[in-house]
Structures are given as C-alpha cells and as structure tokens.
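Summary of structural features
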Amino acid sequence: MPESIQSRLKRVQDRIKTVALSSGRDPKTVKLVAVSKTVPLDPIRAAIKAGVTVLGENYVQEAREKIEALKGEKISWHFIGHLQSNKAKYAVKLFDLIHSVDSLKLARELNKRANALDKVQKILIQVNISAEATKSGIDTEGVVDLVRQIAPLENLAICGLMTMPPYFNAPDKVRPYFRALRSLQVLIRDKAIPHVDMTELSMGMTGDFEVAIEEGATLVRIGTAIFGERR
Ligand SMILES: *Cc1c(COP(=O)(O)O)cnc(C)c1O
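So, here's what we can say about the structure. (Residues numbered from 1 in each chain as written. Predicted model: local features only at pLDDT ≥ 70, side-chain atom pairs only at ≥ 80, totals over all residues. Heavy atoms only, no water.)

Some words on the site of the ligand
The following threshold applies: By convention in this text, a residue qualifies as near a molecule or strand provided that one of its non-hydrogen atoms is within 4 Å of it. As used in this structure description, the phrase polar contact means that two N or O atoms lie within 3.5 Å; if the pair is within protein, one of them must be able to donate a hydrogen and the other to accept it, and residues adjacent in sequence are counted only when both atoms belong to side chains. Per-residue accessibility takes into account occlusion by the displayed protein chains alone, with areas from the Shrake-Rupley method and a 1.4 Å probe. Residues were grouped as follows: Ala, Val, Leu, Ile, Met, Phe, Trp, Tyr, Cys and Pro as nonpolar; Asp, Glu, Lys and Arg as charged; and all remaining residues, including Gly, as polar.
Taken together, Val35, Lys37, Asn58, Ile80, Met164, Met205, Thr206, Arg221, Ile222, Gly223, Thr224 and Arg230 form the complete shell of residues around the ligand. Between a nitrogen atom of the ligand and a side-chain N or O atom of Arg221, the distance comes to 2.8 Å. Contact between the ligand and Arg230: an oxygen atom at 2.7 Å from a side-chain N or O atom of the residue. Burial of the ligand by the protein chains amounts to 91% of its free accessible area of 390 Å². Broken down by class, the residue content of the shell around the ligand amounts to 5 nonpolar, 4 polar and 3 charged.

Regarding the pattern of salt bridges
A pair can form between side chains of opposite charge whenever their charged atoms are brought close. Filter applied, for reference: For this document, the term salt bridge refers to a Lys or Arg side-chain nitrogen within 4 Å of an Asp or Glu carboxyl oxygen. For each residue, the accessible area found with a 1.4 Å probe, counting protein chains only, is set against the maximum for its type, and the residue is called buried under 20%, exposed over 50%, and partly exposed in between.
Counted under the stated rule, the structure contains 13 salt bridges. Here Arg11 makes a salt bridge to Glu3, at a shortest N to O gap of 2.5 Å. With a relative accessible area of 36%, Glu3 lands in the partly exposed category. Note that Arg175 and Asp172 form a salt bridge whose closest N and O atoms lie 3.1 Å from each other. Using a relative accessible area of 18% as the deciding quantity, one classes Arg175 as buried. What emerges from the salt-bridge pattern is a single network uniting Asp172, Arg175, Arg179, Glu214 and Glu215.

A word on the pairing of strand β1 (residues 31–35)
In plain terms, the rule: Comment: elements are numbered from the N terminus, with helices defined as DSSP H or I runs of at least four residues and strands as E runs of at least two. Following DSSP output, two strands are said to pair if at least two bridges run between them. By convention, a crossover is right-handed whenever its connection, traced from the first strand over the helix to the second and viewed with the strands pointing away, goes clockwise.
Across the 5 residues that make up β1, a large majority, 4, are buried. Of the strand pairs in this sheet, β1 and strand β9 (residues 219–222) are connected by 4 bridges, and their pairing is parallel. Bridge pairing in β9 places Val33 opposite Arg221. Looking at chain direction, β1 and strand β2 (residues 54–57) are connected through 2 bridges and run parallel. Paired with Val35 across the bridge in β2 is Gly56. Crossover handedness for the path β1 to helix α2 (residues 41–49) to β2: right-handed.

Some points on the side chain of Gln185
Spelled out, the test is: We call two residues contacting when some pair of their heavy atoms lies within 4.5 Å.
By the secondary structure assignment, Gln185 is in helix α7 (residues 175–190). Residue Gln185 is classed as buried on the basis of its relative accessible area, which comes to 3%. Engagement of the side chain of Gln185 in a polar contact is seen with the backbone oxygen of Met198, the distance being 2.6 Å. The residues touching Gln185, leaving out its near neighbours within four places in the chain, are Leu161, Met198, Thr199, Glu200 and Leu201.

A few points about the pairing of strand β4 (residues 97–101)
Counting buried positions along β4 yields 5 of 5 residues, so the element is predominantly enclosed. Note on the crossover from strand β3 (residues 76–79) through helix α4 (residues 88–94) to β4: the handedness is right-handed.

Here's what the structure looks like:
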C-alpha cells in the first residue's frame, strides 16, 4: 500500500522541525506551503485533515475550482506559479499571498484589481537568482529598482522575496542561490524603503527544503514529498 498523506506530511513536518532546530531557528518561523497543483481534491482533503493550513497553486483556473470546492475549509491559498497580467483580476480574489510578482506591469495590474476589491494584496518579489534565461523572475540587478517602484502602490504589500533555483540532484549545489536570496533580503531591508516588509523568504521544495531552511527560508513550497509524484 502507498504511504498515506498523513504519514508523508508528518515526516515532512518532522524534517522541517529537525532542521530548523539544528540551525538554531524556531520551527514556528518556517511555514509549510503544501503545493497541490494537479493534485485531485481527495488527497488535498486528506492533507487538510492531517493539518495542512496553507496550499500553493500554480494555475489560476485550477485553483479557482478547488477553492470553490473547498470553501468550507480554513485554508490560506497562495499563488506560486507564473502569473499573467490578464489573470490578475482572479488572482487578487483568490489568494492571500502571491509569490511570483516579477514586473511593474503585473504589479500595477494587481494593484488596480486589489483596489477595486478594497483589498491590500500581499505579494513576494520573484527573483531569478541564477539568471537562467528560461526562468521567471526579475534579475538580481533589477530587484531593488522594482521594489522601489512597487512600494508606493497602495493596494499591494511587499512581504519578501521568492526564488526557484536551478534544479540539481545534489541539494548542496543550490545553497549558494538560497544564500544569495538571503543577502538580497538583507540588502533591501537595510535600505528601509517605506511600506516594504522583507520578512518572508520563499525558497525550498521537496529536493532542497532542508538546505533552504538552513539558509533562512520562512516559506517552503513542498508538493511531491506530501502528495507523491505528480501525474
Ligand atoms: C511545483 C512547485 C513546487 C513544489 O515542487 P516539489 O518538488 O513537488 O516539492 C514548489 N514551487 C513551485 C514554484 C512549483 O511550481
């Protein structure tokens, strides 16, 4: 029999706790975002029953259906995928935190849509820390300017940074990228830009979340280790 969602989740939570403690951090400062893209409702319900409180989705339409189906549940929904400006309207309706803002154009659209809903939308700035051409995110050199441009938008609240490093089988190879995001966080925090909060660092997935926590992650986005391989 395949391992239950409940026991997979428990193992992930235990690993988060262990690595947080061994790196001198309070485990409560690391939040688990259970990534449920392509996962059907039943396993998601099982995860909620087992204690998941934050779900991460990559596709607006898919998330919309799930959020509707699960609206009785106390879940915070996060958007972690690439967001097109024409989906901004739905994104601000559906998500508590959008991890993937990487352009002023997208930020302006989100701000406009959030204003119409009388909402302050929490966002993270997605950084393309490895400068790969195929990845989303703003290049490291452009981050400070982008943060300064977004900061005055009244219906957005910048809460931190997010990255997706290149995939390596050896988790230790991603450490420099996580460390670089952390340095960028400190650099921006030191500039004390009004209305900018740099608390959150969204980094680490199934293959590398322990290294990410050692390097300061406050949000880890974990799918496979909880739900199994995606179809
Ligand atoms: C799919 C996805 C994850 C989760 O990846 P796993 O390796 O399954 O844990 C995390 N972050 C983003 C942005 C994703 O698209």
